[in-house]
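# A look at the structure
Spelled out, the chains give:
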Amino acid sequence: MRALFAAVAALVFVAPALAHDFKAGALVIDHPTVSPQRGQVPVVAGYMDIRNTGRTADRLLSASSPDAGRVEIHTHERGPGGVMRMRPVAGGVAIPAGRTISFRPGGLHLMVFDPKERVDEGDVVEVTLVFEKAGRVTVGAVAETPQPGRQGHGHGAHAH
């Protein structure tokens, strides 16, 4: 009986910690992560899926973090000579109704500059996302090493 109680208690207290999606109105922010910090480089990248379950488009306008100096929305684009360059996204990111927008290595992502403490595997960085319609939502982005070719962070492919 004591073992059963311990198992149930573990599920009650551990399961919410394992849940890794957040809601803001019709938006679901699925599996937000940041890359662990490499060496002394004062920046980490943030990844997630933003799924719009509603009938109206929304827009990610900005992001911030009490755990860092600043957060910017970035993307990669092919520059002169075919070289990939990273640049900030002006005007935010549209989240069409009924669609999922993925933030991934080599594409859209958050740049978290000047973390206040070193970000190692398993650490959580608090990030507040600001949407045009859904408003503000604060997520806990867990530090995980991105896996090459692993779309959806193990949650399967999503529509884009």
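Residues numbered from 1 in each chain as written. Predicted model: local features only at pLDDT ≥ 70, side-chain atom pairs only at ≥ 80, totals over all residues. Heavy atoms only, no water.

## Observations regarding the layout of surface pockets
Rolled over the atoms, a probe with the dimensions of a water molecule shows which regions are left empty. As a volume, the largest pocket reaches approximately 280 Å³. Where the lining of the largest pocket is concerned, the elements lending two or more residues are strand S3 (43-52) and strand S9 (109-115). Tallying contributions element by element places S3 first for the lining of the largest pocket, with four residues. Along the lines of polarity and charge, the residues of the lining of the largest pocket split into 10 nonpolar, five polar and one charged. (1 Å grid on protein atoms, 1.4 Å probe; cavity = no way out; pocket = protein on both sides within 12 Å on 5 of 7 lines; lining within 4 Å. Points joined across faces, edges and corners; volume = space filled by probe spheres on them. Helix = DSSP H or I, 4+ residues; strand = E, 2+ residues; numbered from the N terminus. Nonpolar A, V, L, I, M, F, W, Y, C, P; charged D, E, K, R; others polar.)

## Section: unusual backbone geometry
The backbone phi angle of histidine 31 is positive, close to 50°, even though this residue is not glycine. With respect to the element layout, histidine 31 can be found in strand S2 (residues 27-34). You will see that aspartate 114, though not glycine, has its phi angle at about 55°, which is positive. Looking at the secondary structure, you find aspartate 114 in strand S9.

## Considering the environment of valine 119
Relative to the assigned elements, valine 119 resides in the loop between S9 and strand S10 (124-131). Considered as a pair, valine 119 and glutamate 144 are 25 residues apart in the sequence and their alpha carbons are 9.8 Å apart. In this structure, valine 119 is in contact with Val34, Ser35, Pro36, Gln37, Val44, Val125 and Ala143, ignoring residues within four places of it in sequence. (Contact = heavy atoms within 4.5 Å.)

## Comments concerning the pattern of salt bridges
Evaluation of the coordinates by the stated rule reveals five salt bridges. We note a salt bridge from aspartate 49 to arginine 104, for which the minimum N-O separation is 2.7 Å. Residue aspartate 49 is located in strand S3, and its partner arginine 104 is located in the loop between strand S8 (100-103) and S9; the two are separated by 55 residues in the primary sequence. For arginine 104, a relative accessible area of 12% translates into the label buried. Here glutamate 77 ties to arginine 87 by a salt bridge, and the two come within 2.5 Å at their closest N and O atoms. Placement of the pair is glutamate 77 in strand S5 (residues 68-78) and arginine 87 in strand S6 (residues 84-88), with a sequence separation of 10 residues. The class for arginine 87 is partly exposed, based on a relative accessible area of 33%. Several salt bridges share partner residues, and in doing so they unite Glu77, Arg85 and Arg87 into one network. (Salt bridge = Lys/Arg side-chain N within 4 Å of Asp/Glu carboxyl O. Buried < 20%, exposed > 50% of the residue type's maximum accessible area, 1.4 Å probe, protein only.)

## A closer look at the confidence of the model for the protein
Looking at the protein, pLDDT values average 84 and 80% of them are 70 or higher. Confidence drops under a pLDDT of 50 for residues 1-18, and excluding neighbours within four residues, the segment shows two contacts in the predicted structure. Overall, residues 150-160 carries pLDDT values under 50, and its contacts beyond four positions in sequence, including any with other chains, amount to 23 contacts. (pLDDT = per-residue confidence, 0-100.)

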